[in-house]
Amino acid sequence: MIWLTWRQFRTQTWITVGALAALGVVLVVTGPSIADAYDAANVAACGTDCGAAISNFLNQVRTGAAGIVYQLASAVVYVVPAVIGVFWGAPLIARELETGTHRLAWNQTVTRTRWLATKLAVIGAGTALAVGLLSWAVTSWAYHLDDAHGGRILPLTFSTRGIVPVGYALFAFVLGVTMGMLIRRTVAAMAATLAVYSLAVISMQEWIREHLVAASHVTNPLDISSPELLMIGDNDEMTVIGSHSLSDAWVLSNQTITHTGQVFTGPADPQYCGPEAAVRACDQWVNSLGLRQDLVYHPADHFWPLQLAETGIFIAIALLLAGFCFWWTRRHLT
Amino acid sequence: MIEFHLDGRSGVAPYMQLIQQVRQAMRLGLLAEGDQLPTVKDVVSKVAINPNTVLKAYRELEYEGLVAARPGVGTFVTRTLTDESLAAHGPLREELIAWLARARAAGLTAESIEALFVSTFRARIEESA
Amino acid sequence: MSRPVLQAEGLSKRYGRRLALSDCTLAIPAGRVVGLVGPNGAGKTTLLHIAVGLLPPTAGSIEVLGGHPASGAAQLAKVGFVAQDAPIYAGLSVADHLRFGAHMNPGWDQRLADERIGRLGLDPSQKAGKLSGGQRAQLALTLAIAKLPDLLILDEPIASLDPLARREFLQGLMAYIAEHDASVILSSHLVSDLERVCDYLVVLVASRVRVSGEVDDLLTNHHRLTGARRDLANLPTGTEVIEESHIDRQSTLTVRSTSPIDDRSFTVEQLTLEDLVLAYLSQQTTHPQPVLETTP
């Protein structure tokens, strides 16, 4: 059965190896230019005021190939799990059901359970290995660039680094197998897999991830010397958002609150903030109000706890789906 | 060696047809004493029929004393059905061929020839019986 | 008396409200070539799928070669199966299929498989997807045969083949069972396909077994009676009417009786197997009850 699984999967294996090798070459070739730019901008020794050094570093990188590769590599890691689910997972069982070859396989001296288990295990292992390698390579390669761009914990970057892509890929794969088994038509299963996978991943990114680990909550006195946003709308309603010094953090919410804990909405005093007022008068007036900045965020050191939690969830779902597949194959499939 | 053929529309059971063909071949001298009949596998490889049919035919022939089965070797003819009249077969066949040519030349169709022959044959056989 | 190769008692299969098999009882003896005949939709594929363990029955019991169909590797090794349309892996070559068989079956006879492929003139390196219909069927049969099963089950194996391919398929199948002691169950919707090779017949119509038995016995026990039009109550006892047709002053009956028919007012004729099956096919509309099988 292992021989058969390998034989049916031979072409995909070679394509994957080729693609990984090609990407590997690209990363190896462009890696040194990043290190060089990093050293040249002296980012390591920049201490607390790194703005200029980082700028220089990034500009240097953008002039070379590494800038494009950075975007490309992240895109690849983002897309690969979906591709695996759609092209490896969905056809795995669906194609056999469509062509009737499952009736050929199930009459050989191998039980249905072993048939399914071998397919899932062999290709699942291949998936984990390939995506693991891919993610490790890109995460290592992009280390300095991620830092310079504000940290790996930011949503889109997070999804393409560390072990999370492996969790996504395994989930997508088993999801594809499940859809294929239930729908019994390859193309329809591929579409369904893509739809459900996208929904799951987007839900996780947008709504669920931030709750996986308890976020940090801090309240500082508002320093309005350089606000991130100061806006006066209709009826003198104000929106004030201060800047913060949390580097490499994923900020979930940044609000300006009064001493009662309510969000500050003004009203703006026309004497300081009206059209007749002096240039910095509004800022200074806001400063004098004793407002505070309320920050909810995940600091950089939440990266690995979040990665583990999210990967764990997707792997757990994958295992549940796999269990369902075994049950369905034994009881319901003909 | 004899080669069998089956007529699905003759109304005669397949195993009977095989038996008849063996007897026929023996009468015509195509199968002589000591000749081997084709193996069951050989027969069914050419004529797609149930092996049991062939076995049944061979068993019947053995019961009639015409053949004998030697286990592990094959089935062999044990008698001759030809008699002294075999020598006459040759010239008689020639005459038959000539007669057929004349019938054809006279404009008889195949069905007419067959009907003429069969009715005359039957009448004569009954007379001489 | 060896044990039956397939024994079913009250076997039924229901899909939602549709009954694919109703109350089928069979005792098929070993060493036969069995023809399973019936129109499309009669339940032949369902019965065969249950026999090879692809489907569980809804009611009743079935035993194949003394074991339960879905019971595991040992049972699977004893039964060779070719599903309808002979599914094979289009992307794998002929040789790959043999390797597949060798890997998956402990009882695999590689020499037999190679010899058959050679005799059939198949190119081992050819992708199976490029084979003709007849060649596919032969490849699928080779896969089923080379694990040396005690029972071969073939679902409409020659339905979509041209006459030459049909002949070659049956030749190959008969050659195999001539050398190896195996039973075969073949299904078809045309009895003419199977007449030459079957010595046991099962007629399945509208989910029920109508008649089953040795072909010789069936042909001995069934006759066509033609005579003056009459009331059917006057037939000799032990005679069962399978099909009747009355035109003007003549009645034509297809009957089954275990004793010889002495009634001189009838002309008694032999039936062909096709006539017999057709009579049972027409029975479905008039007598929906199943008929008892002949003694095995």
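Attention here is on the structure that accompanies the text. (Residues numbered from 1 in each chain as written. Chains lettered and ligands numbered in written order. Predicted model: local features only at pLDDT ≥ 70, side-chain atom pairs only at ≥ 80, totals over all residues. Heavy atoms only, no water.)

### Focus on the overall build of chain A
No. 1: Tallying secondary structure elements over chain A gives twelve helices and five strands in all.
No. 2: For 334 residues, the compact-globule estimate of 2.2 N^0.38 gives 20 Å, and the C-alpha radius of gyration of chain A, at 26 Å, exceeds that figure by more than 25%.
No. 3: Each of the three principal axes of chain A carries a C-alpha extent, and together these read 90 × 45 × 30 Å.
No. 4: For chain A, with 334 residues in total, the buried portion stands at 45%.
No. 5: Once local pairs closer than 6 in sequence are excluded, the contacts in chain A between residues at least 24 apart make up 78%.
No. 6: Here chain A has roughly 16200 Å² of accessible surface; of this, 63% comes from carbon and sulfur atoms.
No. 7: Side chains of chain A carry 17 positive and 21 negative charges; the gap between the two charge centres is 32 Å. (Helix = DSSP H or I, 4+ residues; strand = E, 2+ residues; numbered from the N terminus. Rg over C-alpha atoms; globule rule 2.2 N^0.38 Å. Buried < 20%, exposed > 50% of the residue type's maximum accessible area, 1.4 Å probe, protein only. Contact = heavy atoms within 4.5 Å. Areas by Shrake-Rupley, 256 points an atom, 1.4 Å probe, with all protein chains shown as cover. Lys, Arg positive; Asp, Glu negative; His and termini not counted. Charge placed at Lys NZ, Arg CZ, Asp CG, Glu CD.)

### Some points on the interface of chain B and chain C
No. 1: In this complex, chain B contributes 13 residues to the contact, which on the side of chain C involves 16 residues.
No. 2: Among the residues of chain B in contact with chain C, Lys41(B), Ala48(B) and Asn50(B) are the three that bury the most area, contributing 48% of the side total.
No. 3: Where chain B meets chain C, there are two salt bridges.
No. 4: In this assembly, chain B and chain C are joined by ten residue pairs in polar contact (both at pLDDT 80 or more).
No. 5: At the level of elements, helix H2 (40-46) and helix H3 (51-63) of chain B are the ones that each hand at least two residues to the side of chain B that touches chain C.
No. 6: The leading source of residues in the side of chain B that touches chain C is H2(B), at five residues. (Buried area = accessible area lost by both parts, 1.4 Å probe. Salt bridge = Lys/Arg side-chain N within 4 Å of Asp/Glu carboxyl O. Polar contact = N/O pair within 3.5 Å; in protein donor to acceptor, adjacent residues only side chain to side chain.)

### Considerations on the packing of helix H8 (residues 164-183) of chain A against helix H12 (residues 303-331) of chain A
Residues and elements named next belong to chain A.
No. 1: Between H8 and H12, whose axes approach to 8 Å, the crossing angle comes to 20 degrees. Judged on the interaxial angle alone, H12 and H8 are roughly parallel. Between H8 and H12 lies a crossing whose hand is left-handed. (Axes fitted to C-alpha atoms, helices over the stretch in contact; angles between N-to-C directions. Parallel < 35°, antiparallel > 145°, perpendicular 65-115°, else oblique. Left-handed = near helix turned anticlockwise from the far one by under 90°.)

### A few points about the pattern of salt bridges
No. 1: Under the definition given, this model contains 13 salt bridges over all chains.
No. 2: Here Arg23(B) ties to Glu64(B) by a salt bridge, and the two come within 2.8 Å at their closest N and O atoms. Separated by 41 residues along the polypeptide, Arg23(B) in helix H1 (residues 14-27) and Glu64(B) in the loop between H3 and strand S2 (67-70) bring together distant segments of the chain.
No. 3: Assessed through its relative accessible area of 31%, Glu64(B) is described here as partly exposed.
No. 4: Members of the salt-bridge network, linked through shared partners, are Arg7(A), Asp96(C) and Arg99(C).

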